[in-house]
Amino acid sequence: MAVHLRVILEEHNIQKLKLPTGIPNTVEDLVSIVTETFQLHGEIGLLYQDKHFDNEFFSVTSTADLYDKATVKVILKEPTITLDLHPVLESSTLSSVSTYPASTTETDICPADHDASSEVSNYASSSSSDTIILPDSCRSAAWPVPFQVPEFSRDLELILAEANNSYDATGRHFMDASVKSAIMQELAKVIFSYTAYQTNEQILSVAEALVSKFPCLREPGSFAGLYGWQQRIKNKMHNYRAKLRSRKYSYPEIEINTLKRKHPGDAVPSKNIKKPKKAEVNYLPPHPTEKINANIIADKMNKTFSSRRVEVVSLSPSVGVFKERWPALFTEAQVRMSCNFFFPLGYIHVITMRAGPVFIKNLNAKSSS
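These figures come from a predicted structure and were not determined experimentally.

### Looking at the overall build of the chain
Stage number 1. The secondary structure content of the chain amounts to 14 helices and five strands.
Stage number 2. For the chain, buried positions account for 30% of its 369 residues.
Stage number 3. Nonlocal contacts in the chain, meaning residues at least 24 apart in sequence, comprise 57% of its contacts between residues at least 6 apart.
Stage number 4. For the chain, the accessible area works out to roughly 24600 Å², and carbon and sulfur atoms hold 56% of it.

### Section: the sheet that holds strand E1 (residues 3-10)
Stage number 1. If you walk across this open sheet you meet the five strands as E2-E1-E5-E3-E4, and the pairing is mixed. Looking along the sheet, the strands with just one partner apiece sit at the ends: strand E2 (13-19) and strand E4 (56-59). Sheet twist, expressed as the average angle between the axes of neighbouring strands with direction ignored, equals 35°.
Stage number 2. Relative to strand E5 (residues 70-76), strand E3 (residues 44-50) runs antiparallel, the two sharing five bridges. Note on E5: the bridge partner recorded for Gly45 is Ile75.

### Re the side chain of Thr63
Stage number 1. Structurally, the position occupied by Thr63 is in the loop between E4 and E5.
Stage number 2. Its relative accessible area of 9% is what places Thr63 among the buried residues.
Stage number 3. Engagement of the side chain of Thr63 in a polar contact is seen with the backbone oxygen of Pro24, the distance being 2.9 Å.
Stage number 4. Residues in contact with Thr63, not counting those within four places in the same chain, are Ile23, Pro24, Asn25, Thr26 and Val27.

### Concerning the environment of Asn55
Stage number 1. With respect to the secondary-structure elements, Asn55 resides in the loop between E3 and E4.
Stage number 2. A relative accessible area of 43% places Asn55 in the partly exposed class.
Stage number 3. Sequence spacing of Asn55 and Gly221 is 166 residues, and the spatial spacing of their C-alpha atoms is 8.7 Å.
Stage number 4. Not counting the four nearest positions on each side in its chain, Asn55 is found in contact with Gln49 and Asp50.

### Description of the confidence of the model for the chain
Stage number 1. Mean pLDDT for the chain: 75, with 66% of residues reaching 70 or above.
Stage number 2. Throughout residues 89-134 the model reports pLDDT below 50, and contacts reaching past four residues in sequence, or to other chains, amount to nine contacts.
Stage number 3. Segment residues 341-369 is flagged for pLDDT under 50; beyond a separation of four residues in sequence, or across chains, it makes 38 contacts in the model.

### Side note on the nonpolar core
A general tendency of soluble globular proteins is for nonpolar side chains to be buried together.
Stage number 1. If you look at the biggest cluster of nonpolar residues, it comprises 34 residues, and the most contacted ones within it are Phe152, Ile183, Leu187, Leu210 and Leu217.
Stage number 2. When residues of this core are traced back to their parent elements, those giving at least two are helix H4 (154-170), helix H5 (177-194), helix H6 (200-213) and helix H7 (227-245).
Stage number 3. Counting residues per element, this core draws most heavily on H5, which supplies eight residues.
Stage number 4. With sequence-adjacent residues up to four places away left out, Leu210 is seen in contact with Val149, Phe152, Ile183, Leu187, Leu217 and Trp229.
Stage number 5. Grouped together as the second largest cluster of nonpolar side chains are 19 residues, Leu9, Phe38, Ala70 and Val72 included.

Cut-offs and rules
Residues numbered from 1 in each chain as written. Predicted model: local features only at pLDDT ≥ 70, side-chain atom pairs only at ≥ 80, totals over all residues. Heavy atoms only, no water. Helix = DSSP H or I, 4+ residues; strand = E, 2+ residues; numbered from the N terminus. Buried < 20%, exposed > 50% of the residue type's maximum accessible area, 1.4 Å probe, protein only. Contact = heavy atoms within 4.5 Å. Areas by Shrake-Rupley, 256 points an atom, 1.4 Å probe, with all protein chains shown as cover. Pairing = 2+ DSSP bridges. Axes fitted to C-alpha atoms, helices over the stretch in contact; angles between N-to-C directions. Polar contact = N/O pair within 3.5 Å; in protein donor to acceptor, adjacent residues only side chain to side chain. pLDDT = per-residue confidence, 0-100. Core = buried A, V, L, I, M, F, W, Y, C linked by side-chain atoms within 4.5 Å.

This is the structure:
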């Protein structure tokens, strides 16, 4: 007999699954059917709504818990990566010492100790010389495990402390929408400092840390009191990214996923999203903000003069394209440096060679006037 299941893929993507031969005997078979039917990628898990527990979600451990027109929710599992770390110095030092016989005198061991200390010293100096100092525009830390809820403003902390006391005494949940909105604003800044695109597990860790620190924020009727916060955090981060996109400042890891940056075949918001893998911290950082040094810029512009001439002569680029390729050439210092030349015909060639086609128009206008 055919069975129908209500499948929740995402918050706003709910599908109907028809099983002509009934519910499979194993969870693995059901997962395989769901994956193939909805073209899902990666390892997934299933949750089901238990009507005996006010429709709370539970993990599907047996297909016997499912029935016709039951609700099933799909969750994406992150792959588990295990790293085995072994101390290199310690093992090498022990091996060098153990090669000496037991009757070795103290004077014989001293050179070995000296070599070991030298090795440690060389390793330390090598490590310090190989250290990469990241600019301020880069992220300096990976996602914390467990997530640490930041210290909110003084007013928020006082309100939440009072709400926690009330919750402990009466069990009453805190439902002030304006305070929740302020909490989300504070959390969004901290979350974005670690990653621009959060996984479901990371969002869940934020929600768990929040309600663990402030039990009064648990939401009755949702799964473990967290589901509402999960959706709220997900929506907030989406709006936060949209807000950053609308600013004039550049956020490459966000701009790379805008529709105008995608190929015509991938011009869909949810398709081919470029985001960091699990071990990546600075996937696409913005350029560092440094103090402009006119002398350094002038020196580098002089060294790249031949490259600009090749572009001007061989490609004849428009002013807009040339400005995008060589923005420093259009700074006030560079324009003034070019205009310091004389304007007779004998010197026009020098100026146009240095500055490119944009000054040809300006010089022609000046000579005609």
